Amino acid sequence: MKLSGDMLIDLIINIASIVVLFLIVRKLVYKPVKKFMTARSERVAGAEEEANRRAAEAAAQKEEYEQKLAALETDKQQAVRESEEAARAAAQKIIAAAQEKADSIVNGAQKKGQEAYDKRLEAGQDEIIDLSVDISSKLLARNISDDDNRRLAEEFLASLKGERHA
Amino acid sequence: MRKAVIRAAANFPGDLKTALENGLRETFGSDLACEFVIDDSVIGGFVVDVDRTVYDWSVATQLKRLKKELHK
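Definitions and cut-offs
Residues numbered from 1 in each chain as written. Chains lettered and ligands numbered in written order. Predicted model: local features only at pLDDT ≥ 70, side-chain atom pairs only at ≥ 80, totals over all residues. Helix = DSSP H or I, 4+ residues; strand = E, 2+ residues; numbered from the N terminus. Buried ≥ 20, exposed ≤ 12 C-beta atoms within 10 Å, placed from the backbone. Axes fitted to C-alpha atoms, helices over the stretch in contact; angles between N-to-C directions. Parallel < 35°, antiparallel > 145°, perpendicular 65-115°, else oblique. Contact = placed C-beta atoms within 7 Å. Nonpolar A, V, L, I, M, F, W, Y, C, P; charged D, E, K, R; others polar. pLDDT = per-residue confidence, 0-100. Pairing = 2+ DSSP bridges. Right-handed = clockwise from strand over helix to strand, strands pointing away. Core = buried A, V, L, I, M, F, W, Y, C linked by C-beta atoms within 7 Å.

What follows deals with the overall build of chain A. Within chain A one finds two helices and zero strands. Considering chain A as a whole, with its 166 residues, one finds that 2% of them fall into the buried category.

Take the packing of helix α2 (residues 146–160) of chain A against helix α1 (residues 14–28) of chain B next. As a packed pair, α2 of chain A and α1 of chain B sit with axes 10 Å apart at the nearest point and diverge in direction by 10°. In terms of their interaxial angle, α2 of chain A and α1 of chain B are classed as roughly parallel. In this structure, α2 of chain A uses Asp146, Asn149, Arg150, Ala153, Leu157 and Leu160 of chain A to contact α1 of chain B, whose residues at the interface are Leu16, Ala19, Leu20, Gly23 and Thr27 of chain B. Residue composition of the contact of α2 of chain A with α1 of chain B, grouped by class: six nonpolar, three polar and two charged.

All names here are of chain B. For chain B, per-residue confidence averages 92 on the pLDDT scale, and residues scoring 70 or more make up 100% of the total. Averaged over each element, pLDDT in chain B is lowest for helix α2 (residues 59–71) (92) and highest for strand β1 (residues 3–8) (95). In the predicted assembly, ipTM is 0.90 and pTM is 0.55.

Taken together, the contacts link 22 residues of chain B with 22 residues of chain A. Sorting the residues of the side of chain B that touches chain A by element identifies α1, β4 (53–58) and α2 of chain B as the ones contributing at least two each. For the side of chain B that touches chain A, the per-class residue count stands at 14 nonpolar, six polar and two charged.

Turning our attention to the pairing of β1 of chain B. In the case of a regular strand, side chains alternate between the two sheet surfaces. Residue and element names in this part refer to chain B. Inspection of the sheet shows β1 paired to strand β2 (residues 33–38) by six bridges, in the parallel sense. Paired with Val5 across the bridge in β2 is Glu35. Taken together, β1, α1 and β2 constitute a β-α-β crossover, and its handedness is right-handed. By the bridge criterion, five bridges tie β1 to strand β3 (residues 45–50) in an arrangement that is antiparallel. Bridging from a neighbouring strand, Ile6 pairs with Val48 of β3.

Residue and element names in this part refer to chain B. Of all hydrophobic cores here, the largest spans 17 residues; its most connected members are Ala4, Ile6, Ala8, Leu20, Val42, Ile43 and Phe46. Among the elements that take part in this core, α1 stands out by supplying four residues, more than any other. With residues near it in sequence (within four places) discarded, Ala8 still touches Phe36, Ile38, Asp39, Val42 and Phe46.

This next bit is on the sheet that holds β1 of chain B. All names here are of chain B. If you walk across this open sheet you meet the four strands as β2-β1-β3-β4, and the pairing is mixed. Edge positions in the sheet fall to β2 and β4, since each has one partner strand and no second. In this sheet, neighbouring strand axes are inclined to one another by 15° on average, regardless of whether the strands run parallel or antiparallel.

Structure representation (structure tokens):
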């Protein structure tokens, strides 16, 4: 196809327009846009850096808290162990005191029981003695003879010899 | 006149009474009057009460002493 003069001029004008447009756009848009994009990239990088810094800080804090928690847990377990030991010791003390009291009560009761038994035994023995003497007096009252009285009178009068009351 | 009271659980025979009277008069004087009294509480033997002195030769008193000793 053969280009005519008009077409060639149009083509040249179009190409020139495109170049001029390109130059204009480059001047007016490219540099600001590039500046904007650079600033944006810098902002993004800054934000990323800040985020990394904060993440590192958070991780360090987290570790610190975890260490504190671990220490607290250790303290807590220690406190629990100490409380358990104290409770065990107190329970032992209470049991020992209760045992002592129970032993004392049992011994006291045994002693009282023995005393009561001894008292009853003594009372029983006294009763037997009284009964025996009463029975003896009744038997003697029935069986004392004149000869017995004579013997007593002889002993009495012999004991009087040597006394003088006249 | 002084008096002796002889308490006994039974009525003593005459010879025993005479022996006691004579023995008491030997000690306390011939003017001593003797009175015999029956007292069951004596049980056996006798108690002679003369000149504010009591001579206790009763079985009752011996039994009381025995009871006291056994209770110790």
